[in-house]
Amino acid sequence: MKRIDPIPTNLGPEALLRSLGIVAPEDIDIEAIAFYSGLRVRRRRLKCCEAMITGKGNRGIIFLQEGSMATRQRFSIAHELGHWATDRGQTVACRSSEIGKFLKGNEVERAADQYAADILMPWSMFKDACRKHPRLDLNAVKAVASEFKCSHTATLIRMIDSDLYPNAMMIQHHAERGRKWFRAAKKVPGYWFPRDDLDVDSFAFELLNDPTARDEGFPRKIGADAWFNTKGADRYEITEQSFRVPDEGVVTILRLHEAMIGL
Ligand SMILES: [Zn+2]
């Protein structure tokens, strides 16, 4: 039987999609794309990590933690495909804390995450989907996430990066570890750096500390000083919407006042 040579993955994510004739989000079958790139996917109970890739020449295997959420598995496959594109043939093991977090200071993992976002949510299709939602709130995140079959967190990061919501910021808190990380739209000045502590007035505080509290159904107004120590923060009102993410704590979407970003 003749073996078909894999498509070279050094095409870059968008070119790879084009070469496979994929033009709509529902056609992004990441396991099939991995297969065309010379990779098979196996699900196992892994002790070392959430996902790993190992290979020789232009063929390899991605091992995934079995039983994890479908959106998580999808992102993990795409992340490993990212490693394959840059370091083909190497064995790489990735912990859950290294996948989908766009880790600062770890360029290898960050590049794999970026590759994953670029192939699962290619800009041309993704921005078209976002334009149906002039406001970045949880409903918009849910709608776009279901279109691209990605997690709410991964989708929100991409929406923040899209440049379509210039005053948006997201912050993820973990109950035990305090402030975890944040991501802001490019136009948000660096001095709007979120507070390390969580203000008791914020809804995120309630969600983290009261197991009976429910996610906010809509964004609500709050003084910017609840989220920022920056001088003059008390002059502005912003909106906050917080929601729980299983095993990951609480995610907050902030919409800054336009004057805070010079609009
Ligand atoms: Zn990795």
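See above for the structure.
Structural notes, computed from the coordinates. Treat the numbers as computed from the prediction; the structure is a model and nothing was measured. (Residues numbered from 1 in each chain as written. Predicted model: local features only at pLDDT ≥ 70, side-chain atom pairs only at ≥ 80, totals over all residues. Heavy atoms only, no water.)

## Re the coordination of the zinc ion
Phase 1: Protein coordination at the zinc ion: the donors are His79 (NE2), His83 (NE2), Cys94 (SG) and Glu109 (OE), at 2.0 to 2.2 Å from the metal.
Phase 2: Site description for the zinc ion: donor spacing in sequence, H-x3-H-x10-C-x14-E. Of the two residues, Cys94 is situated in strand E4 (residues 92-94) and Glu109 in helix H4 (residues 107-120); the sequence distance between them amounts to 15 residues.
Phase 3: We classify Cys94 as buried; its relative accessible area is 0%. (Donors = N, O, S within 2.8 Å, 3.2 Å for Na, K, Ca; no water. Helix = DSSP H or I, 4+ residues; strand = E, 2+ residues; numbered from the N terminus. Buried < 20%, exposed > 50% of the residue type's maximum accessible area, 1.4 Å probe, protein only.)

## Re the nonpolar core
Phase 1: Formed by 52 residues in total, the largest nonpolar core has its most connected members in Ile33, Ile119, Leu120, Leu136, Leu156 and Met159.
Phase 2: Per-domain counts for this core show at least three residues from each of domain 1 (9-120) and domain 2 (161-261).
Phase 3: The next biggest cluster of nonpolar side chains, apart from the first, holds 24 residues, and it includes Leu198, Ala233, Tyr236 and Val250. (Core = buried A, V, L, I, M, F, W, Y, C linked by side-chain atoms within 4.5 Å. Domains from an automatic or database assignment.)

## Quick notes on the packing of helix H5 (residues 123-130) against helix H7 (residues 152-161)
Phase 1: Where H5 contacts H7, the two axes come as close as 11 Å, and the packing angle between them is 90 degrees. One finds that H5 runs roughly perpendicular with respect to H7. Contacts between H5 and H7 involve Trp123, Phe126 and Cys130 from the former and Thr155, Arg158, Met159 and Asp161 from the latter.
Phase 2: Taken together, the residues that form the contact of H5 with H7 break down as 4 nonpolar, 1 polar and 2 charged. (Axes fitted to C-alpha atoms, helices over the stretch in contact; angles between N-to-C directions. Parallel < 35°, antiparallel > 145°, perpendicular 65-115°, else oblique. Contact = heavy atoms within 4.5 Å. Nonpolar A, V, L, I, M, F, W, Y, C, P; charged D, E, K, R; others polar.)

## Quick notes on helix H3 (residues 70-86)
Phase 1: The end-to-end C-alpha distance of H3, which contains 17 residues, comes to 25 Å, matching closely the 24 Å that a straight helix rising 1.5 Å per residue would cover.
Phase 2: For H3, a buried count of 13 out of 17 residues is recorded, marking the element as mostly surrounded by other parts of the structure. (Expected span 1.5 Å × (residues − 1).)

## Examining the pattern of salt bridges
Phase 1: All chains considered together, the criterion is met by 12 salt bridges.
Phase 2: With its nearest N and O atoms 2.9 Å apart, the salt bridge here joins Arg158 to Asp118. Taken together, the positions of Arg158 in helix H7 and Asp118 in helix H4 put the pair 40 residues apart, joining distant regions of the chain. With respect to class, Arg158 is no different from Asp118; both count as buried.
Phase 3: As a salt-bridge pair, Lys186 and Asp163 come within 3.6 Å of each other at their nearest N and O atoms. Here Asp163 lies in the loop between H7 and strand E5 (168-174) and Lys186 lies in the loop between strand E6 (178-184) and helix H8 (203-209), a separation of 23 residues in the sequence.
Phase 4: It is possible to trace a salt-bridge network through shared partners that takes in Arg195, Asp197 and Asp199. (Salt bridge = Lys/Arg side-chain N within 4 Å of Asp/Glu carboxyl O.)

By themselves, these observations are geometric and do not establish any function.
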